[in-house]
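# Remarks on the overall topology
Chain residues, written in single-letter form:
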Amino acid sequence: MDTLMQMIDDHEQWVMTCSADEKQGKKAVIEDTLLEDLTIEGRNLQGIAVLGCTLKNCHFKDTDLFGSFLAGCDLHECSFTGCILGKSVLSNSKFYDTVFTDCTLIKTELYETVLENVTFNHCDLTRAW
């Protein structure tokens, strides 16, 4: 878990110091990992990539995930509160018993994503597909 949190710290520092053009290239990647009982609050994780991971009982609050890429993941009993997921790609993933509250998902791509028992409370889903 320390390695994951260090990677998140490094990614957040990179996002805060790089130019808009630089953000297009480098992304932190979390791959093929079980993330369980994790709480992320008030972090800037723009452009992070999460690939082939399983998230169980993970909670994201006031976290900026703008332009993030989530592919081939399974989420179980997770929550997102006050998060920004605008222009994110949530591709070939499965969301089970997941709650989004007061989140922004503008222009978010949900390509071949399974949503089972997923709740969107007071979320902006403008042009999400």
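In this report, we go over the structure that sits alongside the text. Please read all numbers here as calculations on a predicted model, not as lab measurements.

Rules used in this analysis
Residues numbered from 1 in each chain as written. Predicted model: local features only at pLDDT ≥ 70, side-chain atom pairs only at ≥ 80, totals over all residues. Heavy atoms only, no water. Helix = DSSP H or I, 4+ residues; strand = E, 2+ residues; numbered from the N terminus. Pairing = 2+ DSSP bridges. Axes fitted to C-alpha atoms, helices over the stretch in contact; angles between N-to-C directions.

### Remarks on unusual backbone geometry
Here the phi dihedral of Lys-87 falls at roughly 55°; this positive angle occurs in a residue that is not glycine. Note on placement: Lys-87 falls in the loop between strand S9 (79-81) and strand S10 (89-91).

### Let's talk about the sheet that holds strand S6 (residues 59-61)
Strand pairing in a sheet takes place through backbone hydrogen bonds and is either antiparallel or parallel in direction. Strands sit in the order S3-S6-S9-S12-S14 across an open sheet of five strands; the sheet is parallel. Each end of this open sheet is capped by a strand with a single partner; those strands are strand S3 (39-41) and strand S14 (119-121). Pairwise comparison of adjacent strand axes, ignoring direction, gives a mean angle of 5° for this sheet.

### Re the sheet that holds strand S13 (residues 114-116)
One open sheet accounts for five strands, arranged S2-S5-S8-S11-S13; its pairing is parallel. A single partner strand is all that each edge strand has here, and the edge strands are strand S2 (34-36) and S13. Taken over all neighbouring pairs, the strand axes of this sheet differ in orientation by 5° on average, direction set aside. As defined by bridge partners, strand S5 (residues 54-56) adjoins strand S8 (residues 74-76) across three bridges and the pair is classed as parallel. Its bridge partner lying in S8, Lys-56 is registered against His-76.

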